[in-house]
Amino acid sequence: MSETPSSTSSGQEWPLWEVFVRSRRGLAHTHAGSLHAPDAELALRNARDLYTRRGEGVSLWVVPSAAITASSPDEKDPFFEPSADKPYRHPTFYEIPEGVKHL
Amino acid sequence: MATAAPQQTARPDGTAGFQAAFDAAVAADERIEPRDWMPDAYRATLVRQIAQHAHSEIIGMQPEANWITRAPSLRRKAILMAKVQDEAGHGLYLYSAAETLGTGRDELLDKLHSGRQKYSSIFNYPTLTWADVGAIGWLVDGAAITNQVPLCRCSYGPYARAMVRICKEESFHQRQGYELLLALSRGTEAQHAMAQDAVDRWWWPSLMMFGPPDDESAHSAQSMEWKIKRHSNDELRQRFVDICVPQAESLGLTLPDPELRWNEERGQHDFGPIDWTEFKQVLKGNGPCNEQRITQRRRAHDEGAWVREAAAAHAAKHSKATTEEGRAA
């Protein structure tokens, strides 16, 4: 949930982890939120208690928030711009005569 | 967007372009995300609101935890423990949301412990009987749900997402409270009286949970403009009253307001005046349990210090051992 690793006031705060939950087999892990824990093992346990109290998951990933590299919202337009002007990448771009099946 | 052209609206810090992008996103009902530019006042408002909300969740554990050891059956005890654990979870979701705004967890807890940030004044009332656990679930959590459902559409993404999780879980809280009160209401005469007494004591404080009337609410107008808030305090309070009246009837209990009646013309219930003097007193720290709640909170934090330190020491030792192992290999 926390895309920005927080700065700590005391410097003794446990590090921040991002939690990903696979809700059932066959689905990808999805970001559920974040939490603090001193190490990976406790991060997993805390994640279980915090994000899967009602059977929400069959598998958990925890990732140190500091290890995530994110695209910047400021460069949103130029960064994703190359995909905006290529409508021919979508199937709806092409005109097919009516009646043609399985296309 | 990165460079704001100098124009009449340009600010000394050159944020005019950012402000325009922010305003457009809010107007288009898009969500603001942590790394987006946002006005300082928007950030400060969110930190204040989310922190208060988070603090309320964890302070709210106390009045109910008070009854865990005295729950009348194993079933009720298991339910109550699950509920109190949920409240802790809700606090953590919200602290996480606040942290995305650049305010650390320690800082938020410091501010709670030193009284610089507040929690909902409802938790400064005592839980005198077992029926209070039911009244809290039905009325306090009911009021919270009425407040929180619109927050799932709040303009700030992480707050809205936390609220989605919380609202899903609150429903259990409210229903277990209602069921508990129903059991008492249909029980012996003494049990029925206990349920009625709890409702009598929790009704008015629950109505105060929606905050001051619209014309006296300091932050309402700006928060609604920013789409942090979607409905006014009075609007939500009215909605809550209208929901509760038939629920009270089904419980076989009355609500302690002689002026409460259906208004055909408005299609809503009229209800009596709220004692805002009491609200302000409790807010100021003069409620029945303010001192007790914060003292208990500080004590729990201090007594847990060794656990936090031991876990950190274990993590440091383990990470050192792993590093040395890596070197040896």
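Before reading on, note that the structure itself is shown above.
Residues numbered from 1 in each chain as written. Chains lettered and ligands numbered in written order. Predicted model: local features only at pLDDT ≥ 70, side-chain atom pairs only at ≥ 80, totals over all residues. Heavy atoms only, no water.

Examining the overall build of chain B
Tallying secondary structure elements over chain B gives 13 helices and 2 strands in all. With respect to the principal axes defined by its C-alpha atoms, chain B has extents near 70 × 65 × 35 Å. A buried classification covers 50% of the 329 residues belonging to chain B. In chain B, the proportion of contacts linking residues at least 24 apart, taken out of those at least 6 apart, comes to 76%. (Helix = DSSP H or I, 4+ residues; strand = E, 2+ residues; numbered from the N terminus. Buried < 20%, exposed > 50% of the residue type's maximum accessible area, 1.4 Å probe, protein only. Contact = heavy atoms within 4.5 Å.)

Overview of the interface of chain B and chain A
If you look at the interface, chain B gives 31 residues, while chain A gives 29 residues. Taken over both partners, the interface formed by chain B and chain A buries close to 2500 Å², and the fraction arising from carbon and sulfur atoms is 51%. At the surface where chain B touches chain A, the tally comes to 4 salt bridges. Aspartate 86 of chain B is paired through a salt bridge with arginine 54 of chain A; the nearest N and O atoms lie 2.4 Å apart. Inspection of the region where chain B meets chain A yields 13 residue pairs in polar contact (both at pLDDT 80 or more). Grouping the amino acids of the side of chain B that touches chain A by side-chain chemistry returns 11 nonpolar, 8 polar and 12 charged. (Buried area = accessible area lost by both parts, 1.4 Å probe. Salt bridge = Lys/Arg side-chain N within 4 Å of Asp/Glu carboxyl O. Polar contact = N/O pair within 3.5 Å; in protein donor to acceptor, adjacent residues only side chain to side chain. Nonpolar A, V, L, I, M, F, W, Y, C, P; charged D, E, K, R; others polar.)

Section: the packing of aromatic side chains
All names here are of chain A. Scanning the entire structure with this criterion turns up 15 aromatic pairs over all chains. When the centroid spacing of 6.3 Å and the interplanar angle of 55° are considered together, the rings of phenylalanine 20 and tryptophan 61 count as tilted. Placement of the pair is phenylalanine 20 in strand 1 (residues 16-22) and tryptophan 61 in strand 3 (residues 59-64), with a sequence separation of 41 residues. Since its relative accessible area comes to 18%, phenylalanine 20 is described here as buried. (Phe/Tyr/Trp six-rings, centres within 6.5 Å; stacked < 30°, edge-to-face > 60°.)

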